[in-house]
Amino acid sequence: MQYVSTRATSASAARNPQSFSDILLAGLAPDGGLYLPAEYPQVTGAELDAWRKLSYAELAYEILRKFATDIPDADLRDLTARTYTPEVYRNARADESGADITPLRVLEDGANGKLVLQALSNGPTLAFKDMAMQLLGNLFEYALARNDDELNIFGATSGDTGSAAEYAMRGKRGVRVFMLSPHRKMSAFQTAQMFSLQDPNIFNIAVEGVFDDCQDLVKAVSNDLEFKARHKIGTVNSINWARVVAQVVYYFRGYLAATTNNEQKVSFTVPSGNFGNVCAGHIARMMGLPIERLIVATNENDVLDEFFRTGVYRVRASNETLHTSSPSMDISKASNFERFVYELVGRDAERTHALFRKVETHGGFDLSGAPGSDGDEFKLVAQYGFASGRSTHADRLATIRDVQRQYGITIDTHTADGVKVAREHVQPGVPMIVLETALAAKFNETIVEALGQDAARPAGFENIEALAQRFVVMQPDVGLMKAYIAERTGL
Ligand SMILES: *Cc1c(COP(=O)(O)O)cnc(C)c1O
């Protein structure tokens, strides 16, 4: 399996195909594009039949080996078995195959159709990012050991991504994590999740400033290419290909759990921000998984809903981006969207490059086919199964209340955006699976606002705020930041 950049024109430096291991530790391709397989591996009906009986770990192995063809099968089997276990996914429901890592719960099965939740937040940080990040931790450790190398992950977080990365990388040989967060700006729960880690390879840096100051620091340090190379600095952001492909697995799992034969179809609704999660659903569909529709659910930051309704992609300025009660979907542009646009324009790298150059110069592009637009490919969007919807704070509160009242389940704010939008798209005869992307306990403030009571905390999290915390506070100063990293890498 070879990988190409979405901008790999004949003039580009990245036109040579790469292997899975080559791009595992990489972010963007050198030409600024994103990596994708040269073609999608296909899944046969016989394979789907056989996969119905597999555990999550075995299914992950079968799917990943189609993409990571340069990792020996025995190693990949070991990596997936160590990743997707009930020890890591503590709240997973036991079933005959050991543990159902992503169990389904039927909310309703009436005349209007069937609405199902797929739990993706049974991992250590109670959000779906664990599903991919936990595998990444094991893959990184494996790849670094093979090359006798090391990696220093450097990033900024306002919540979910940073904690998922730290819990995935804690104790991993060859890996250190330097994670910036705005001092005293995260919730007490999220702060405690990150800062209570005592592992010597995890460094939490609370920056005196806001999230933008943290991101500016990351950019400033990463733009010093000499420093970046010498200190082996990398990232684990949502464009990482291995993260996307790890997420493909639970679409298969959800489909297989909701159906009894391959003639049946399902749809998915995906609470979306950077288009990483739903991009994995698109890939599953391209591999031949019988998905009827993929519904992109956004919050008030509706860049993606706008595109899927109109064909116009218009990124927002950072001061246009709203802070909402589903904060992990607060984005100004969708960093994985280029992977789908590349497909939509017929894998034309020249056009993809031109369109995303226009995003930089003009803030977006228009594929609606209207006079003066940049193309008419929007008319093909429905063929890929995509539709969308949008949810607001008021919708979120109403949906959390309604789901609690009708089914006795407390859903989190992001999942509530999904349920709200899913209800607008559910069809009789096609189960609609809503991906549950976090547990309510992580966003308790809004749960209290909606229900007048606290969200239940899973076992082990009751008293997390009382644990000892390990972090440093730093002024937003590039020199200080570099010195701090250099001292600890010893490179
Ligand atoms: C990251 C995140 C999302 C958005 O996922 P994308 O892959 O960025 O589209 C939704 N919900 C939660 C809880 C998240 O942490």
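Enquirer: Is there a simple way to explain the sheet that holds strand S9 (residues 266–271) in this structure?
Expert: Across a sheet, paired strands are connected by hydrogen bonds in the backbone, their directions being either parallel or antiparallel. The strand order across the open sheet built from six strands is S3-S4-S14-S9-S10-S13, with neighbouring strands paired in mixed fashion. This sheet does not close on itself; its edge strands, each paired only once, are strand S3 (104–110) and strand S13 (386–390). For this sheet the average axis-to-axis angle between neighbouring strands, irrespective of direction, equals 20 degrees. Across six bridges, the pairing between S3 and strand S4 (residues 113–119) is antiparallel. Counterpart to Val-106 in the pairing with S4 is Val-116. The strands touched by helix H11 (residues 276–286) within the sheet are S9, strand S10 (291–298), S13 and strand S14 (432–436), with S10 carrying the most contacts at an inclination of about 170 degrees.

Enquirer: Even after reading the chapter, I still don't get the site of the ligand, so can you show me in this structure?
Expert: Every one of the 15 residues lining the ligand counts as a neighbour, but Lys-129, Asp-160, Gly-273, Asn-274 and Asn-277 are closest to it. One of the backbone N or O atoms of Asn-274 is found 2.7 Å from an oxygen atom in the ligand. Within the backbone of Gly-276, a nitrogen or oxygen atom sits 3.2 Å from an oxygen atom of the ligand. Protein burial of the ligand: of its 390 Å² of free accessible surface, 97% is covered by the chains. Residues of the shell around the ligand, tallied by class, amount to five nonpolar, eight polar and two charged.

Enquirer: What is the right way to read helix H13 (residues 337–344) from this model?
Expert: Along an α-helix, a turn takes 3.6 residues, which lines up residues three or four apart on a common side. With eight of its eight residues buried, H13 lies for the most part within the structure. Listed in full, the buried residues belonging to H13 are Phe-337, Glu-338, Arg-339, Phe-340, Val-341, Tyr-342, Glu-343 and Leu-344. After H13 finishes, the residue Gly-346 shows a positive phi value of roughly 70 degrees.

Enquirer: What should I look at first to understand the pairing of S14 in this one?
Expert: On a regular strand, each side chain points to the face opposite its neighbour's, so the side chains alternate between the two faces of the sheet. Counting buried positions along S14 gives five out of five residues, so the element sits mostly inside the fold. Residues Met-432, Val-434 and Glu-436 of S14 are buried on one face, and the alternating residues Ile-433 and Leu-435, pointing to the opposite face, are buried as well. Inspection of the sheet shows S4 paired to S14 by five bridges, in the parallel sense. In the sheet register, Leu-117 faces S14, and the bridge partner there is Val-434. As paired elements, S9 and S14 share three bridges and run parallel to each other. For Thr-269, the partnering residue across the bridge sits in S14 and is Val-434.

Definitions and cut-offs
Residues numbered from 1 in each chain as written. Predicted model: local features only at pLDDT ≥ 70, side-chain atom pairs only at ≥ 80, totals over all residues. Heavy atoms only, no water. Pairing = 2+ DSSP bridges. Helix = DSSP H or I, 4+ residues; strand = E, 2+ residues; numbered from the N terminus. Axes fitted to C-alpha atoms, helices over the stretch in contact; angles between N-to-C directions. Contact = heavy atoms within 4.5 Å. Near = heavy atom within 4 Å. Polar contact = N/O pair within 3.5 Å; in protein donor to acceptor, adjacent residues only side chain to side chain. Areas by Shrake-Rupley, 256 points an atom, 1.4 Å probe, with all protein chains shown as cover. Nonpolar A, V, L, I, M, F, W, Y, C, P; charged D, E, K, R; others polar. Buried < 20%, exposed > 50% of the residue type's maximum accessible area, 1.4 Å probe, protein only.

Geometric values such as these leave the question of function open.
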